[in-house]
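Chain by chain, the residues run as shown.
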Amino acid sequence: MKRREFIINSALVVGGSALLSGCGKREIKKFENQVVRRKFMDIDTPLIALGCMRLPMRDNKIDMVELDKMVEYAMAHGANYFDTAYMYVEGKSENAIGEVLKKYPRESFILADKCPAYLVKSKEDSRKLCMEQLKRCQVEYFDNYMVHNINKNTISNYRDNDMYGELLKLKKEGKIKHLGFSFHGDLDMLKSVIKEHKWDFCQLQINYLDWEVVNAKAMYEVAKEAGVPVIVMEPLRGGALCNLPEKAAEQLKKDCPDDTQASFGLRWVASKERVFTILSGMSNFKQLKENIDTFVNYKQMTEEEEKTAHEIAQIIQSQGAINCTACKYCMEVCPRGINIPAIFGSYNQYMAFEGNGAMKNYTLLNSYNALDEAERADKCINCGLCSKNCPQNLDIPKLLKEVDTTFKKIEQEMKR
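What comes next is a walk through the structure. All of these numbers come straight from a predicted model, not from anything done at the bench.

What about unusual backbone geometry?
Reasoning step 1: Although it is not a glycine, asparagine 60 adopts a positive phi angle of roughly 65°.
Reasoning step 2: With respect to the helices, strands and loops of the structure, asparagine 60 is situated in the loop between β6 (57–58) and β7 (61–62).
Reasoning step 3: The residue valine 89 is not glycine, and still its phi comes out positive at about 50°.
Reasoning step 4: Judged by its relative accessible area of 17%, valine 89 falls in the buried class.

Rendered as structure tokens:
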């Protein structure tokens, strides 16, 4: 066998359906069943996209083999939209997705990234950060680029340093094709920001629970009225809508037996006409396949299913759960390294558990005791930095104290 034939055959073994072309790019094997697409702006976009905030991990590192497998499967089914950001996965997401995507022709995928507003202290910073991100992702341009996480703490950075104007220059230079923003502020701020400039799109947190509890409906309507297309983030609320309380899960199974908890949540978001793609953080191949199957076999949400979503949201609210999406923005500024999302996740599981008292208590104790001592709620010094960085505007120190009180009370009870 000639050396060139050996290299190509070896590539086929390693890459599965990957075929190396003469220019070293991977040829995409297209399956007959493709995800549904919507066209907004000038791009034809898959309705489901791979959000790169939660990537597959192994030994506390991004599992590049699993990620490569996930991207290949997504591309083969037409799910060719990938969304990353400067700080995702402790600053490693951009490099990882860039390393995988460089195997494909640039025109075959849609890549979105975001300029971290909290790091912009001068007009020059927006350009510097964007150029750095292009290098990290190993591309010449971003299809979609955003002012990242506009909120009460970053609004002055965005405005005082004319981030829009600086990024618009990059758009004119071809480094950015479409310019938008992601948002975690209040309703009045959104109304102001969306009217300030001519935006190509905006990225909002929308799911059937937030539709009722944190003004997601009103924010969607603001974007709709302004004629600005919407990308959805947190459609499953950081995984919370894939781990429904027992009563809510039973309701869904009764009303929608053909849906999984994830597929129901994604279909609900897709029913909004101004949404042109939905970002879902997928941590493994199984999650990716389930999400792609949802949009290969896409079914429009019915009025009855809308009622079911409302009923489930009411059940969740009645459980007293903490409104945390596990975005980890709080941990970026916590001086003590407290694992706030894990603590709230443990508490929410405890609140959702509908079994007998002992088993319910063990649910909290087991997950809470799995945390390192230094990461627990009682290490909070009440500095309040976490609350200032929280997209959900939670009073985190107060909630940590409540969880710690509950934990210690249960711990004492279990010792009796």
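Looking at the pairing of strand β11 (residues 176–183)
Reasoning step 1: By the criterion of burial, β11 is predominantly enclosed, with seven of the eight residues buried.
Reasoning step 2: Direction of pairing for strand β10 (residues 142–150) relative to β11: parallel, over a ladder of six bridges. Note that in β11 the partner of isoleucine 150 across the bridge is phenylalanine 183.
Reasoning step 3: Pairing of β11 with strand β12 (residues 201–205), which is carried by three bridges, proceeds in the parallel orientation. Across the sheet, phenylalanine 181 pairs through a bridge with cysteine 202, a residue of β12.

Focus on helix α5 (residues 123–137)
Reasoning step 1: With 15 residues, α5 extends 23 Å from end C-alpha to end C-alpha; this agrees with the ideal 21 Å at 1.5 Å per step.
Reasoning step 2: Turning to α5, its buried residues number three or more, namely Asp125, Ser126, Leu129, Cys130, Gln133, Leu134, Arg136 and Cys137.
Reasoning step 3: Those residues of α5 that are buried are in contact with α3 (88–91), α4 (93–101), β9 (110–116), β10, α7 (163–172) and β11.
Reasoning step 4: One or two positions beyond α5, positive phi appears at glutamine 138, with a value near 60°.

Some points on the pattern of salt bridges
Reasoning step 1: Under the defined criterion, the tally for this structure stands at 26 salt bridges.
Reasoning step 2: The salt bridge involving glutamate 196 is made with arginine 159; its shortest N-O contact spans 2.5 Å. In this pair, glutamate 196 sits in helix α8 (residues 187–196) while arginine 159 sits in helix α6 (residues 155–160), placing the two residues 37 residues apart along the sequence.
Reasoning step 3: With a relative accessible area of 30%, glutamate 196 lands in the partly exposed category.
Reasoning step 4: Several salt bridges share partner residues, and in doing so they unite Glu373, Arg376, Asp378 and Lys379 into one network.

Observations regarding α4
Reasoning step 1: In terms of residue burial, α4 counts as a mostly covered element, since seven of its nine residues are buried.
Reasoning step 2: All of the buried residues in α4 are Ser93, Glu94, Ala96, Ile97, Gly98, Val100 and Leu101.
Reasoning step 3: Turning to α4, the residues buried within the fold contact β7, α2 (64–76), β8 (81–83), α3, β9 and α5.

Comments concerning the sheet that holds β11
Reasoning step 1: The eight strands are arranged β5-β8-β9-β10-β11-β12-β13-β14 in a closed barrel whose pairing can be described as parallel. Each strand axis lies, on average, 30° off the axis of its neighbour in the sheet, ignoring direction.
Reasoning step 2: In the sheet, β8 pairs with β9 via three bridges, with the strands oriented parallel. Within β9, the residue paired with tyrosine 81 across the bridge is isoleucine 110.
Reasoning step 3: Sitting on the sheet, α8 touches β10, β11 and β12, and the angle it makes with β11 is about 165°.

As for the packing of helix α11 (residues 246–255) against helix α14 (residues 303–318)
Reasoning step 1: Look at α11 against α14: their axes get within 9 Å of each other, and the N-to-C directions meet at 170°. One element, α11, and the other, α14, form an angle in the roughly antiparallel class. Contacts from Lys247, Ala248, Gln251, Leu252 and Asp255 in α11 reach Thr308, Glu311, Ile312 and Ile315 in α14.

Here we look at the nonpolar core
Reasoning step 1: Ranked by size, the top nonpolar core spans 99 residues in total, and within it Val71 and Phe181 carry the most contacts.
Reasoning step 2: Those residues within four positions of phenylalanine 181 in sequence are excluded, and the remaining contacts are Met146, Val147, Ile150, Leu190, Val193, Ile194, Trp199, Phe201, Cys202 and Gln203.
Reasoning step 3: Formed by 25 residues, the second largest nonpolar core is a distinct cluster that contains Ile322, Cys334, Ile343 and Val403.

Brief notes about empty space enclosed by the protein
Reasoning step 1: For the structure on display, the rule yields two cavities of 30 Å³ or more.
Reasoning step 2: What the largest cavity holds in volume is close to 90 Å³.
Reasoning step 3: What lines the largest cavity is a set of 14 residues, among which Cys324, Cys327, Cys330, Cys390 and Leu394 lie closest to the centre.
Reasoning step 4: Examining the composition of the lining of the largest cavity, we find that three residues originate from one element, helix α16 (residues 340–352), more than from any other.
Reasoning step 5: A class-by-class count of the residues in the lining of the largest cavity yields eleven nonpolar, two polar and one charged.
Reasoning step 6: Its boundaries defined by the atoms lining it, the second largest cavity holds a volume of some 70 Å³.
Reasoning step 7: Classifying every residue of the lining of the second largest cavity by side-chain character gives ten nonpolar, two polar and one charged.

Some details on the state of the cysteines
Reasoning step 1: Under the criterion given, the structure shown has zero disulfides.
Reasoning step 2: Residue cysteine 130 stays outside any disulfide, its sulfur separated by 7.0 Å from that of cysteine 115, the closest cysteine.
Reasoning step 3: Cysteine 137 carries a free sulfur, and the closest cysteine sulfur to it, the one in cysteine 52, is 8.9 Å from it.
Reasoning step 4: For cysteine 137, a relative accessible area of 2% corresponds to the buried category.

Thoughts on the environment of leucine 129
Reasoning step 1: With respect to the helices and strands, leucine 129 occurs in helix α5.
Reasoning step 2: Counting along the chain gives 43 residues from leucine 129 to tyrosine 86, while the straight-line C-alpha distance between them is 8.6 Å.
Reasoning step 3: In this view, leucine 129 contacts Tyr86, Cys115, Pro116, Leu119, Val120 and Tyr145; residues no more than four positions away in its chain are not counted.

Analysis parameters
Along each chain, residues carry numbers from 1 onward, in the same order as the chain's sequence is written. pLDDT decides what is reported in this predicted model: residues at 70 or higher carry local features, side-chain atom pairs at 80 or more are listed and counted, and totals for whole chains, interfaces and linings draw on all residues regardless. Hydrogens and water are ignored here; the side-chain numbers use all heavy atoms of the structure. Where helices and strands are cited, they refer to DSSP runs of H or I of at least four residues and of E of at least two residues respectively, numbered from the N terminus. Burial classes: relative accessible area under 20% of the type maximum marks a residue as buried, over 50% as exposed, and values in between as partly exposed (1.4 Å probe, protein chains only). Strand pairing is assigned whenever DSSP detects at least two bridges linking the two strands. An expected span of 1.5 Å times one less than the residue number is assigned to each helix. Contacts are assigned to residue pairs with any non-hydrogen atoms lying within 4.5 Å of each other. Any carboxyl oxygen of Asp or Glu that lies within 4 Å of a side-chain nitrogen of Lys or Arg is treated as forming a salt bridge with it. Lines fitted to the C-alpha atoms define the axes, with helices restricted to the stretch that makes contact. Angles between their N-to-C directions range from 0 to 180 degrees. When describing relative orientation, an angle under 35 degrees is termed roughly parallel and one over 145 degrees roughly antiparallel, while 65 to 115 degrees is termed roughly perpendicular and anything else oblique. By convention a nonpolar core is built from buried Ala, Val, Leu, Ile, Met, Phe, Trp, Tyr and Cys residues, the set being connected through side-chain atoms within 4.5 Å. Residues are said to line a cavity or pocket when one of their atoms sits within 4 Å of a point; the points come from a 1 Å grid over protein atoms alone, cavities being sets where a 1.4 Å probe fits but cannot get out and pockets being open sets with protein on both sides within 12 Å along at least five of seven lines. Grid points are joined across faces, edges and corners, and a volume is the space filled by probe spheres set on the points. Polar here means any residue other than Ala, Val, Leu, Ile, Met, Phe, Trp, Tyr, Cys and Pro, which are nonpolar, and Asp, Glu, Lys and Arg, which are charged; Gly is therefore polar. Disulfides are defined as cysteine sulfur pairs within 2.5 Å.

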